[in-house]
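The residues making up each chain are set out below.
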Amino acid sequence: MEEKKEESTKKNVKKANLLDHNSIKHILDESVSDIVTSRGYKEDVRLSNLKLFLGMIIIAVALVAQFYNKKFPENRDFLIGCIALYPFFLLLNGVLQLILYTKEKNAILFTYPPEGSFTSTGLVVSSKLPRFSDEYTLTIESADPKSISAGKSVQFTKSVTQWFTKDGVLVEGLFWKDVEALIKDYAKEEPKKKK
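Here is what the cut-offs are and how they apply
Residues numbered from 1 in each chain as written. Predicted model: local features only at pLDDT ≥ 70, side-chain atom pairs only at ≥ 80, totals over all residues. Heavy atoms only, no water. Salt bridge = Lys/Arg side-chain N within 4 Å of Asp/Glu carboxyl O. Helix = DSSP H or I, 4+ residues; strand = E, 2+ residues; numbered from the N terminus. Buried < 20%, exposed > 50% of the residue type's maximum accessible area, 1.4 Å probe, protein only. pLDDT = per-residue confidence, 0-100. Contact = heavy atoms within 4.5 Å. Expected span 1.5 Å × (residues − 1). Polar contact = N/O pair within 3.5 Å; in protein donor to acceptor, adjacent residues only side chain to side chain. Pairing = 2+ DSSP bridges. Axes fitted to C-alpha atoms, helices over the stretch in contact; angles between N-to-C directions. Core = buried A, V, L, I, M, F, W, Y, C linked by side-chain atoms within 4.5 Å.

## Considering the pattern of salt bridges
Okay, so step 1: With the rule as written, the count across this model stands at five salt bridges.
Okay, so step 2: Salt-bridge contacts for Glu172 lead to Lys14; the nearest nitrogen and oxygen are separated by 3.9 Å. Separated by 158 residues along the polypeptide, Glu172 in helix 5 (residues 172-187) and Lys14 in the loop between helix 1 (2-12) and helix 2 (21-38) bring together distant segments of the chain.
Okay, so step 3: Classification of Glu172 by relative accessible area gives partly exposed; the value is 26%.
Okay, so step 4: The class for Lys14 is buried, based on a relative accessible area of 15%.
Okay, so step 5: Among the salt bridges present, the one from Arg46 reaches Asp44, with a minimum N-O distance of 2.8 Å.
Okay, so step 6: Under the relative-accessibility criterion, Asp44 is labelled buried at 13%.
Okay, so step 7: Among the ionic contacts, a cluster of salt bridges with common partners joins Lys14, Asp34 and Glu172.

Here's what the structure looks like:
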């Protein structure tokens with residue numbers, strides 16, 4: 001009985017290589033996503049789906065060009081058509097890069113507003129962990145900053161050393177407290193000033 005408990009707790013443990021900042025950031029980002037979605041925010045995957053759709057178009061045409069049924073002299077016109085489409089694919093790749101640069105930036109999660117909420121915007125959760133640094137920055141802002149119901153952007157910057165043991169195991173309780181405090185800070189309404 002005790003062996004099963006030990007096995008189940010070992011499966012839930014999130015462990016990172018402390019010498020690899022990408023591993024640390026990945027585990028923290030994954031935990032942030034879990035925390036935000038557990039608070040009632042549903043993930044908005046429209047942007048990811050758009051990027052996948054554009055990528056599938058590019059790959060489909062490349063596969064058709066590669067494995068077209070006829071050999072070279074007979075498929076000459078088809079190959080010329082594929083080559084003529086090449087600038088179009090460069091344009092699609094440019095659109096993908098533009099989406100990454102302008103919309104995604106450092107975002108790890110886009111959400112819809114929680115059900116039953118009076119706000120009409122979701123969240124954009126982004127994070128940074130610079131190379132050769134232990135300072136993790138987490139930012140929560142509105143998905144539509146121009147909306148009337150958009151809240152102020154909030155962020156914290158803390159050392160990752162306070163969330164990991166010396167073995168690289170994430171102490172989720174401490175991390176959850178910090179992230180939930182940031183979510184509450186974003187969600188709280190500012191008190192109205194008396195005139």
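## Some details on the confidence of the model for the protein
Okay, so step 1: Taken as a whole, the protein shows an average pLDDT of 80; of its residues, 88% reach a score of 70 or greater.
Okay, so step 2: The spread of mean pLDDT over the elements of the protein runs between helix 1, the lowest at 51, and strand 4 (residues 154-159), the highest at 91.
Okay, so step 3: In this model, residues 4-9 is a region of pLDDT below 50 whose contacts with residues beyond four sequence positions or in other chains number zero contacts.
Okay, so step 4: Below a pLDDT of 50 lies the segment residues 189-195, which in the model reaches one contact outside its immediate sequence neighbourhood of four places, other chains included.

## With respect to the side chain of Asp178
Okay, so step 1: Position of Asp178 among the secondary structure elements: in helix 5.
Okay, so step 2: Leaving out residues up to four positions away in the same chain, Asp178 has contacts with Phe156, Lys158 and Trp163.

## With respect to helix 2
Okay, so step 1: Across its 18 residues, helix 2 extends 26 Å between first and last C-alpha, which sits within 8% of the 26 Å expected from 1.5 Å per residue.
Okay, so step 2: Listing the buried residues of helix 2 in full gives Ser23, Ile24, Lys25, Ile27, Leu28, Asp29, Ser31, Val32, Ser33, Ile35 and Val36.
Okay, so step 3: Those residues of helix 2 hidden inside the fold are in contact with strand 1 (107-110), strand 2 (123-128), strand 3 (135-142) and helix 5.
Okay, so step 4: Regarding helix 2, its N-cap is Asp20, as a side-chain oxygen of that residue lies 3.2 Å from the backbone nitrogen of Asn22 further along.
Okay, so step 5: In the stretch just after helix 2, Gly40 is the one whose phi turns positive, near 100°.

## Quick notes on the sheet that holds strand 4
The strands that make up a sheet are held in pairs by hydrogen bonds between backbone atoms, and each pair lies either parallel or antiparallel.
Okay, so step 1: The strand order across the open sheet built from four strands is 1-2-3-4, with neighbouring strands paired in antiparallel fashion. The open sheet has two edge strands, strand 1 and strand 4, and neither has a second partner. Geometrically, the sheet is characterised by an average inter-axis angle of 15° between neighbouring strands, direction not taken into account.
Okay, so step 2: Bridge analysis of strand 1 against strand 2 gives three bridges, and the strand direction is antiparallel. The residue of strand 2 that forms the bridge with Phe110 is Val124.

## Examining the nonpolar core
Okay, so step 1: In this structure, Leu28, Tyr136, Trp163, Phe164 and Phe175 are the most contacted members of the largest nonpolar core, which totals 26 residues.
Okay, so step 2: Going through the elements one at a time, helix 2, strand 2, strand 3, strand 4 and helix 5 are the ones with two or more residues in this core.
Okay, so step 3: When residues of this core are assigned to their parent elements, the largest contribution, six residues, is made by helix 2.
Okay, so step 4: In this structure Leu28 touches Tyr136, Val160, Trp163, Phe164, Leu170 and Phe175, once residues within four positions along its chain are discounted.

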